[in-house]
Amino acid sequence: MYKVEEKQSFFDKCREVAAEGAVLLKNEDHLLPLDGGKVSVFGRIQIDYYRSGTGSGGAVHVARKINLIDGLRAQENLEVNEELAAVYEAWVKENPFDDGGGGWAAEPWFQKEMPLTEEIVRKARAFSDKAVVVIGRTAGEDVDNINAPGGYLLTEEEKRMLRLVTAEYENTVLLLNVANIIDMNFLKDPAYLGHIKSVLYVWQGGQEGGLAAADVISGRVTPSGKLTDTIAIDLADYPSDANFADPEKSFYKEDIYVGYRYFETFAKDRVLYPFGYGMSYTDFALQKMRCEIRKGDEGAASDVIRITVKVANTGAYKGKETLQVYYSAPQGTLGQPVLQLAAFAKTELLSPGESADLELEFPVSRMASFDDSGVAGYRNAWVLEAGRYGFYVGTSVRSVTEVLPEGQEGYTVNETICLEQLSEACAPELAFDRLRPVRKEDGTFEKTWSPVPLRTTDLYREIQEAMPEEIPMTGDKGYKLMDVREGRVSMDAFLGQLSRGDLVTIVRGEGMCSAKVTPGTASCFGGVSDSLLEKGIPVGCCSDGPSGIRQDNGEKATQMPIGTLLACTWNPQLVTELYEEEGKELFEKKIDTLLGPGMNIHRHPLNGRNFEYFSEDPYLTGIFACACVSGIQKGGSDATIKHLACNNQELARRTGDFIVSGRALREIYLKAFEMAVKNGANSVMTAYNMLNGHHACANYELTTKILRDEWGYTGQVMSDWFTYINDVYEGGEENVTDTASMVRAQNDLYMCVNNDGAETNAWNDNLDEYLDSGRLTIAELQRCARNILGFLLHSPCMNREIYQGSPIYSYEPDASLAAEAPAAVENAGGVIRFTVNENDGNVFEVLEDGMFHVIGAASFRALRTAQSAAVVTVNGEDAPMFTMSGEMTDQVFSHKFARFRLKKGRYRMCCKVTKIGLKFDYIEMRRI
Ligand code: BGC
C-alpha cells in the first residue's frame, strides 16, 4: 500500500530536483527572484500545471500534486493576487482540462487559454507591478509535436495574453511549463520587447513541479539548470529537419552533426540559446584554469586530461555553477564537429564570496571517433586521428576559453592511434550521402556530402558461425533456480532441465495488467507456466517508467520530473539520489524493473517523446542514464534502459525504417547505451522501429554483436510492447509472429502476449514451427532463457513468494441442468470444448471429479494498445476475467486463464464481453 505519510523524503527530493533543472534564459534588470513582493499570475496553466508528458511515460496516478498557484501561495515571501487567481479558478471550473476524451495519445498538446481582458489586467496591475505568465505544452508517445500554434508555436490566445499583460507590466516573468523546447522567436516581437524580462523553462517537474517552480521564482532556490539542447532560431535550422518523421524511411543525413555539433560547426548564427546555457541569480568567475596531461602507463591510449578550475561566487545570491569541458579534434580524414562535450562538474551551493576548486578528468579515449569507412586507416575501429586536440572550459558551448596544457599547444597525437578494432555492424543497406565539414580558408566550414559505407557483412554466415551449442536436455532433475543462486548447481545443469515447452514459453512475456504480478503493471515474465514455476523460476514484474510507476488499476505512486529536466540539472549525483527513492518504491511495490530510463537522443525538437529522454548530446545522456540505473539499483530494484536504438520520432514508430551510418550509430545513437551497459545496466528494451532495414528486436548485429559481443552485456533484452518483427536475415515485411527471428537475434523476451497466453502460444508465434523445421535451435532458446534467468536470479522476485500458477476456482455441479443438452461432454482425452454462446452461455459435462486448465479463444480487432475483457461465470458464480489486448486482425488467439476444480456433473458457463470488439470463439478445458 502506498502511504503518502511515508513518502516525504521522496517528495522533497522530487521538489529539489525539479527546481534544480529549471533553466533561466533571461533575467533583465534582475527581475527574478521576486523576493518579498506581490505577484499576479496569468495563464490557466497556473492551475492545470503539467506534471509530465503523456503516454506510458506519463501515466502515473499520484496521491498529491502541486500546481503553480499553490506552489506560489506556499512561498513565505510572496503575496499572490488572489482576486486574479479566483478569476482563473472560476474560468477553469467552467472550462475544464481537455484530455481529448481520455483515449490513448488523444490529449491535445495545449489547453485553450482564458480570453483575457484589458480590464482584468489593469485591475491586477493595481495590485502588483510584477506579473508571471505561464504557458504550458505537453507531448507524448505515438504522436510527434507539430510546428503549428498550440504545438511548437504559441497560439493566438497566448500571444494576446502576453500582449495584454506586457502592455500593463514592464516586469513580466515568462514561465514555460513544457515537455520540450518550443519556438522562442516570439520574444523578439516588439510588442513585448523590454517587458518580458525573465524567461524560465521549468519543464514538467512531476507531482511537486508547481512547488519547485515557485521555489525558483521566490528565490528560495537559485536556478542552476542548463539547456541540454540547442534552441535554434527556426525549426528548419535543425540539421535533421529535412529528414525528420518520414513515415517510411528517415535518412540520418546529418550524420554525427546533431544539435550543437552541427550549429557550432556550420551555423553559429542560427542559435538563439546555445547548448549548456543557463543563467543564475548570482555571478560566477572562473579562475586559475589549468590543464594537465597525465601520461598513462599503457601508451597514449591510457593518457588522461585533467582540468582544474576555481569557481568563485562573485554575486549576491547563493548558487551553483556547472563547468563544462569541450574538446576539439583535428579534422583529419574523418571530419569533426568544432566542439564536443568531454566532461562537466557542478559546484556545491556556494555562498556569495565563496569558491570551490573543481577537478575534471577524462581519458583521451573519450575523444575517439569511429571510422566506419577505413579512411583513417582502421576500418570499423575507434581511432584518435593524428593532430592537435584542444580543450575549452566554460559555462556553455558558447562561453568557453581554451586552456592549454602547460608548455604545449594542446594534446598532440603524432600518428593515428587505433584504440579498439571492432568489426562492421548495423551498417546501412540503402545508399545515401552524409554531411561532413570541409574547412574553408577563412576558418569556417563548408557543408559537403559523401556516400555512407554500406553493409558488407553476410548476416547468414555471421549467425551460423556463432551458433551456440546445445546444453544436453536432461528432463526435470528437481533443481530449483535458487540452487543456481546458492551455488549448488550450475546454470547449465539447471537449463538442461527445461523442456522444449518450457523454452518456447519463457521467451514470451504476458500482459498488460497480468494478475500474476503487481496489479496494473506492464508485464510479467519468467515463471509464466506451471512447469516453469515448479522449477522455482519466479515471475518477474515490470512497469512503466520512466518518471514514476504506472499502474493502470489506479494505484498511487510518486511522479518524478521528466527526463529532460533531470539532465538540465547537470547534477547526476542528485538524480542518483532521486532514483534511489524510486528504486525503494519499486521494491515496495514488488516490481523488479522499471521500464526506463528512456535515453534516445533528441535528434529533432518535435519528437513526441523527447521529454522522456535527456539531451541532444550522447555523453550527457549516458551520464544521466547511468545515474538513474545506479540509483534504482541502490534502492533495491532494477532499470530497463530503452529504446535501443534510434526511437527518435513517433510517427510510424512501429514501422518506420531509420537509416543511419555506422559512425553516427556508434558516436551518437549507441554511445549512451554503451555507457549504461558498461556501468551495470542489466535489462534493455529494444525499439519498435527498424534500424537499417531490420526491426530493432530482430537486429542480430545490434542485440548480439554490438550489445553482447562488443560491450560484454550479459543481461536480458526485451522487445517493446506488441512489437512488429521482421526476418533476422532478410528484414523485409513485418509481422507479430516471427518470434524465432527475435530469439535468433538474442532479443530474449517478446513483450507481450495475452495474459496467461505464453504457455498456449496465444499469439500463434512461429517458435514451434521453426524448431520443427530446424530453422531455430533449442540452443538459441536456451541462450535467451539463460539471459532471462540471469536477470531474475538477482531480482527481488527471487525472494518473494513464488506465484502459485493461474488461479484455482472450485464449483459444484448444478443438478437442475440434467434436462439440458450439453454443448460439450468431456472426451476420453479429458478435453471439453465448445463454441461460446454469448447469449445463454453453454452447458458442459464433466465425467469424473478433477482439476482442469481453462483456455479461452477469441478475436479482438482493435488497436494493439486497446484492452478488453469478458466477465466469466460458472453456475452464476464469479470466475476469473478473461482479458485480451487488441489485434489488427480477426485472427483467433487462445490463452489459459484459470484452473477449475470440478466434480462430476453439469455446469453452465457464461462469458459476457465488457468492451465491444472482443469476439469469443471457443472455451476449452483440459484435465490436468
Ligand atoms: C512504449 C514503451 C513502454 C511500453 C509499455 C510502449 O508503447 O513504447 O516505452 O514501456 O509501451 O507500456
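Note that this is a predicted model, so its numbers are computed, not measured.

### Considerations on the site of the ligand
Next up, step 1: Around the ligand lies a shell of 14 residues, among which Glu 141, Asp 544, Arg 609, His 643 and Asp 720 are the nearest.
Next up, step 2: At a separation of 3.2 Å, an oxygen atom of the ligand approaches a polar side-chain atom of Arg 550.
Next up, step 3: Here Tyr 688 contributes a side-chain N or O atom positioned 3.1 Å from an oxygen atom of the ligand.
Next up, step 4: Isolated, the ligand exposes 310 Å² of accessible area, and the fraction of that covered by the protein chains is 97%.
Next up, step 5: When grouped by side-chain class, the residues that make up the shell around the ligand number 5 nonpolar, 2 polar and 7 charged.

### Some points on the sheet that holds strand E15 (residues 369-371)
Sheets are built from strands paired through backbone hydrogen bonds, the pairs being either parallel or antiparallel.
Next up, step 1: In space, the 3 strands of this open sheet follow the order E15-E16-E20, with antiparallel pairing throughout. The open sheet has two edge strands with one neighbour each: E15 and strand E20 (417-421). Each strand of the sheet is rotated relative to its neighbour by a mean of 40°, with strand direction disregarded.

### Comments concerning helix H14 (residues 572-588)
Next up, step 1: Between its first and last C-alpha atoms H14 spans 24 Å; for 17 residues at 1.5 Å apiece the expected length is 24 Å, and the two agree.
Next up, step 2: The secondary structure elements touched by the buried residues of H14 are helix H1 (8-20), strand E25 (539-544), helix H13 (563-568), strand E26 (593-595) and helix H15 (618-635).
Next up, step 3: Following H14 by one or two positions, Lys 590 adopts a phi angle in the positive range, close to 60°.

### Thoughts on the packing of aromatic side chains
Next up, step 1: Within the structure shown, the criterion is met by 33 aromatic pairs.
Next up, step 2: Sitting above the plane of the Tyr 688 ring, Arg 654 keeps its charged end 4.3 Å from the centroid.

### Looking at the side chain of Ser 514
Next up, step 1: Relative to the assigned elements, Ser 514 resides in the loop between strand E23 (508-510) and strand E24 (523-526).
Next up, step 2: Polar contacts involving the side chain of Ser 514 include one to the main-chain amide nitrogen of Lys 516, which spans 2.9 Å.

### A closer look at the UniProt feature "domain: Fibronectin type III-like" (unreviewed entry) in the protein
Next up, step 1: What UniProt calls "domain: Fibronectin type III-like" (unreviewed entry) maps, in this numbering, to residues 321-397.
Next up, step 2: Secondary structure content for residues 321-397 is 0% helix and 49% strand, while the C-alpha to C-alpha distance between its ends is 14 Å.

### A short note on the nonpolar core
Next up, step 1: The biggest cluster of nonpolar side chains holds 249 residues, and the ones touching the most others in it are Phe 42, Met 184, Tyr 201, Trp 721, Met 909 and Met 925.
Next up, step 2: A per-element tally of this core places H15 first, with 10 residues.
Next up, step 3: Counting residues in each nonpolar core, the second largest holds 28 residues, with Val 309, Val 311, Leu 323 and Leu 350 among its members.

### What to know about the pattern of salt bridges
Next up, step 1: Overall, the coordinates contain 74 salt bridges when judged by the stated rule.
Next up, step 2: Between Asp 772 and Arg 500 there is a salt bridge whose closest N-O contact spans 2.8 Å. Taken as a pair, Asp 772 in helix H20 (residues 767-772) and Arg 500 in helix H11 (residues 500-506) lie far apart in primary sequence, 272 residues in all.
Next up, step 3: Given a relative accessible area of 60%, Asp 772 falls into the exposed group.
Next up, step 4: By relative accessible area, which is 30% here, Arg 500 ends up partly exposed.
Next up, step 5: Put simply, Arg 663 and Glu 667 hold a salt bridge, and the shortest N to O gap is 2.8 Å. Residue Arg 663 and its partner Glu 667 are located together in helix H16 (residues 662-669), separated by 4 residues, close to a single helical turn. Each member of the pair, Arg 663 as well as Glu 667, carries the same accessibility label: buried.
Next up, step 6: Residues participating in the shared-partner salt-bridge network are Glu 141, Asp 142, Arg 609, Glu 612, Glu 650 and Arg 653.

The rules we used
Residues numbered from 1 in each chain as written. Predicted model: local features only at pLDDT ≥ 70, side-chain atom pairs only at ≥ 80, totals over all residues. Heavy atoms only, no water. Near = heavy atom within 4 Å. Polar contact = N/O pair within 3.5 Å; in protein donor to acceptor, adjacent residues only side chain to side chain. Areas by Shrake-Rupley, 256 points an atom, 1.4 Å probe, with all protein chains shown as cover. Nonpolar A, V, L, I, M, F, W, Y, C, P; charged D, E, K, R; others polar. Pairing = 2+ DSSP bridges. Helix = DSSP H or I, 4+ residues; strand = E, 2+ residues; numbered from the N terminus. Axes fitted to C-alpha atoms, helices over the stretch in contact; angles between N-to-C directions. Expected span 1.5 Å × (residues − 1). Contact = heavy atoms within 4.5 Å. Phe/Tyr/Trp six-rings, centres within 6.5 Å; stacked < 30°, edge-to-face > 60°. Lys NZ or Arg CZ within 6 Å of the ring centre and 35° of its normal. UniProt positions renumbered as here; feature names shortened; annotations may be inferred. Core = buried A, V, L, I, M, F, W, Y, C linked by side-chain atoms within 4.5 Å. Buried < 20%, exposed > 50% of the residue type's maximum accessible area, 1.4 Å probe, protein only. Salt bridge = Lys/Arg side-chain N within 4 Å of Asp/Glu carboxyl O.

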